[in-house]
Amino acid sequence: MLTRTLAAGLVAAASIAQPVPAAASAVRECAGAVTRCDGTISVPLDWDDPASERISVAFAWIPAKERARGTVLANPGGPAPALSALPAVQQALGPVLDHHNLLVVEPRGLGESSPLLCPGLKLTDPASVAACADHLGPRALFFTAGQVVNDMDAVRRALGVPSVAFYGNSYGTLYAQAYAARHPGALDAVFLDSTVTVSPEGYARWPLRSAVHGLDLVCERSRACRTLPGSASGTWSRLVKKVRAHPDPEVSIARLVSLGSAYEPVIGREATAAATAYLRGDREPLRRLARRVPDTVGPPLEGPEWAGYLAHRCNDEAFVYDRDASPAERLEQLERHFREERPLAPYEPSDVGALTDLDFCLHWPVPAGAGAPVPPGLALPDVPVLAVGGDFDTMRPAEVAEALQAFPGATFLRVPFGGHSLAMGRGDMTECVRGVMRDFLTEGRVPGDLHAEDRDGPVTGGASCTAENYRAVGAFPRSPAQVAAVPAAGLDGRRRALLGGAFATAADAVARRNPATMLYAGATDEPGLRGGRVTFGDGSVGLDRVRYVPGVEVSGEIRLGGDGTAAAELRVSAGRRVHDVRMSWAAFTAEDRPAITGTFDGVRFSAPRQAGPTV
């Protein structure tokens, strides 16, 4: 790996579109490198003032493995250091880098690019934020997305790269839009993953709102969940009200905030049924989930390096208060917003901390004239744009699809049950999104039309990337009579009923090994819902006298295949009788119940799948 300093002498005046002066030998060496080349470039603090202070911006240049057909300019999001995330970017792009160079530029003020530092900074402490602003002074106002993309383009020009395709993830999508507005002639294409949309004034939207709408979406997709009374979000609101009135030491409001998001598949599968059970007096299903989440809203955000994050976010963000208002006026406007709009419903701001825990920028001095990331009035270029967004992302699919109409050539792909940073996760959905991105960047293939519609709003119609690999349950049985019998050919009614209890127990345990789970990713064991113990091994789930259904006790082992299949060898007790049950099924599917095959006390059986709704 080469290390070079690119002193490009970018004394280009106000017009940043003019050519960069001839680069030094270090620039030429990086441009002609055959292996990764890291370097720095000197740029003005204020691109509108060529005589302003010079700062150093770091970058990494990775030449294509074979003959280059283009260059990808990538940012992994944040606002955060980008170079440390370079391996994740390379993994996401994969074979794109066989014939494309990769350029990653560290945003100014972060990581290795003239980092901003404030000793003792704590983002949720107003006095600490104000002290940081005083410490950094007026120069902090130039650490913005608009300045960052000018730095990026300076590196591009210094390396002699004629044009780029921009890959932006999360906050990197804001940089992509800012780059498109300021350097349209240098842009070949844009791929946006988890888009940050902008306000009419061109600032980044960072909505402060609850995520309980996701519970409605998940419940509507499940036949069992739809039979529950009321809406899923309404049930959750009643639960919050009950816990607020009658505190439960195991189910705090802070825990309910974490459990109110369907992004985590185990929560999405069980939250509505568990809330319904709790309201009816059966507290254990909800308490089981609550034990898995912390009793606090989040870790403290503190440390000197957070200064760069604070500057970028506060300079770039669209606020619900006036940018040039005093801190006291801002707080009054913010309180009014939460009081009148109630964006956190069914929670209150006090449930997740003070308002300063929600909005770090109340005491950050940003005048109204600060440059917006995407200057309003500038037409965005008519280049191919493909964006992907998940149902459970910060910005909802319909919001992203509408915002992307600012790009004449935009296409949007909704990913059902998807979350954030879709191409940087793991599992089948991530591989699918990566494939879509790679086809787009290498072949220009676009899977659909921005204006195709279905019941959930504008989406594309030609791709099938999805994270929808489960169905929400409708209840947690209190007796064997409350469990649906499995209509298995070859078994009588009593055995079908007992098979229903055995399968419900096994499916509940296996759900905790969903490939997308983070809640149970490191779990080794947990108590069974009504008794016994479940253990989690490498590719296996053990059951020791587990009682998920009262009166039905299950022991044995379930093996999970790499293809998502489950194969169970179980001993099922009901009363004094013990039965040998062996069964196989597809464990992670968007079906109310998958097809099941196996033997019950040596008698072969098969049961057809119970498909989910076609909505």
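Residues numbered from 1 in each chain as written. Predicted model: local features only at pLDDT ≥ 70, side-chain atom pairs only at ≥ 80, totals over all residues. Heavy atoms only, no water.

In terms of nonpolar packing, the biggest core is built from 154 residues, with W236, W364, I558, M583 and W585 touching the most fellow members. If you tally residues by element for this core, the top one is helix α17 (residues 493-510), at nine residues. Setting aside anything within four residues of it in sequence, one finds M583 in contact with L499, A502, F503, A506, A566, A567, A568, L570, I596, T597, G598 and F605. Counting residues in hydrophobic clusters, the runner-up holds 32 residues, among them A60, V89, L97 and F440. (Core = buried A, V, L, I, M, F, W, Y, C linked by side-chain atoms within 4.5 Å. Buried < 20%, exposed > 50% of the residue type's maximum accessible area, 1.4 Å probe, protein only. Helix = DSSP H or I, 4+ residues; strand = E, 2+ residues; numbered from the N terminus. Contact = heavy atoms within 4.5 Å.)

A few words now on the sheet that holds strand β17 (residues 577-586). As summarised here, the arrangement of the eight strands in space is β12-β13-β14-β15-β16-β17-β19-β20, forming an open sheet in which the pairing is antiparallel. Each edge of the open sheet is held by one strand with a lone partner, namely β12 (525-527) and β20 (603-607). Going across the sheet, the axis of each strand differs from the next one's by a mean of 20°, ignoring polarity. Sheet topology note: the strand β14 (residues 540-549)/strand β15 (residues 552-560) ladder contains six bridges and is antiparallel. Bridging from a neighbouring strand, V541 pairs with I558 of β15. The strands touched by α17 are β13 (533-537), β14, β15, β16 (565-574), β17, β19 (596-600) and β20; relative to β17, the strand with the most contacts, the crossing angle is about 60°. (Pairing = 2+ DSSP bridges. Axes fitted to C-alpha atoms, helices over the stretch in contact; angles between N-to-C directions.)

A separate point is the packing of helix α6 (residues 213-220) against helix α8 (residues 232-245). Where α6 contacts α8, the two axes come as close as 7 Å, and the packing angle between them is 130°. As judged from the angle between their axes, α6 and α8 are oblique. Packed against α6, whose contacting residues are L215, D216 and C219, the element α8 presents A232, S233 and W236 at the interface. In terms of residue class, the contact of α6 with α8 is built from four nonpolar, one polar and one charged. (Parallel < 35°, antiparallel > 145°, perpendicular 65-115°, else oblique. Nonpolar A, V, L, I, M, F, W, Y, C, P; charged D, E, K, R; others polar.)

Glancing now at the state of the cysteines. By the definition in use, this model includes five disulfides. Residue pairing for C314: its cysteine sulfur links by disulfide to C361, the two sulfurs lying 2.1 Å apart. With the S-S bond torsion at -90°, the cross-link from C314 to C361 turns out left-handed. Taken together, the positions of C314 in helix α12 (residues 306-316) and C361 in the loop between α14 (355-358) and β8 (385-390) put the pair 47 residues apart, joining distant regions of the chain. Classification of C314 by relative accessible area gives buried; the value is 0%. Look at C361 and you get buried, because its relative accessible area is 2%. (Disulfide = S-S within 2.5 Å.)

Right, let's talk about the packing of helix α2 (residues 86-93) against helix α16 (residues 428-443) for a bit. The geometry of α2 relative to α16 is characterised by a closest axis approach of 9 Å and an angle of 80° between their N-to-C directions. Between α2 and α16, the angle falls in the class roughly perpendicular. Contacts between α2 and α16 pair Q91, A92 and L93 from the former with R434, M437, R438 and L441 from the latter. Split by residue class, the contact of α2 with α16 holds four nonpolar, one polar and two charged.

With that settled, the discussion passes to the environment of H363. Positionally, H363 belongs in the loop between α14 and β8. Apart from the residues within four sequence positions on either side, H363 is in contact with P126, V129, A130, P327 and R330.

On to α16. With 16 residues, α16 extends 22 Å from end C-alpha to end C-alpha; this agrees with the ideal 22 Å at 1.5 Å per step. Those residues of α16 that sit buried are M429, T430, V433, R434, V436, M437, R438, F440 and L441. G444 occupies a position one or two residues after α16 and carries a positive phi of about 75°. (Expected span 1.5 Å × (residues − 1).)

With that out of the way, let us pick up the pairing of β20. Strand direction decides the pairing type here: β19 and β20, joined by five bridges, are antiparallel. Its bridge partner being in β20, I596 is matched across the sheet by A607.

Quick look at empty space enclosed by the protein now. Inspection of every chain in the model, using the stated rule, returns three cavities of 30 Å³ or more. Computed from the structure, the largest cavity encloses a volume of approximately 70 Å³. Lining the largest cavity are 13 residues, with R288, D508, A509, V534 and V546 sitting closest to its centre. The element that contributes the greatest number of residues to the lining of the largest cavity is α17, accounting for three residues. Tallied by class, residues from the lining of the largest cavity come to seven nonpolar, two polar and four charged. (1 Å grid on protein atoms, 1.4 Å probe; cavity = no way out; pocket = protein on both sides within 12 Å on 5 of 7 lines; lining within 4 Å. Points joined across faces, edges and corners; volume = space filled by probe spheres on them.)

Geometrically, the link from G78 to P79 is a cis peptide bond, its omega value of 5° lying close to zero. Here P79 shows up in the loop between β4 (70-75) and α2. Residues A345 and P346 are joined by a peptide bond in cis, for which omega reads 15°. Secondary-structure assignment places P346 in the loop between α13 (327-341) and α14. Phi at S170 is positive, roughly 55°, even though this residue is not glycine.

Glancing now at the packing of aromatic side chains. Considering all chains together, one arrives at twelve aromatic pairs under this definition. Ring geometry for F166 and Y179: centres 5.8 Å apart, planes at 55°, overall tilted. You can see F166 sitting in strand β6 (residues 164-169) and its partner Y179 sitting in helix α5 (residues 171-182), a full 13 residues away along the chain. Per residue, the accessibility class of F166 equals that of Y179, and both read buried. Look at F392 and F417: their rings are 5.5 Å apart centre to centre, the planes differ by 40°, and that puts the pair in the tilted class. On the criterion of sequence distance, the pair formed by F392 in the loop between β8 and α15 (397-403) and F417 in the loop between β9 (410-415) and α16 is long-range, its members being 25 residues apart. We classify F392 as buried; its relative accessible area is 14%. What makes F417 buried here is its relative accessible area of 6%. Here a set of aromatic residues connected by ring pairs shows up, and it is made of Y167, F191 and F440. Here the basic side chain of R108 rests over the ring of F143, its NZ or CZ set 5.9 Å away from the ring centre. Its guanidinium or amino end placed over the ring of F319, R330 lies 5.9 Å from that ring's centre, counting from NZ or CZ. (Phe/Tyr/Trp six-rings, centres within 6.5 Å; stacked < 30°, edge-to-face > 60°. Lys NZ or Arg CZ within 6 Å of the ring centre and 35° of its normal.)

Once that is clear, we can look at the pairing of β19. Counting buried residues along β19, four of its five residues qualify, which places the element largely inside the surrounding structure. Taken together, β19 and the strand that follows it, β20, pair antiparallel across an intervening segment of two residues, in which D601 is found at a positive phi of about 55°.

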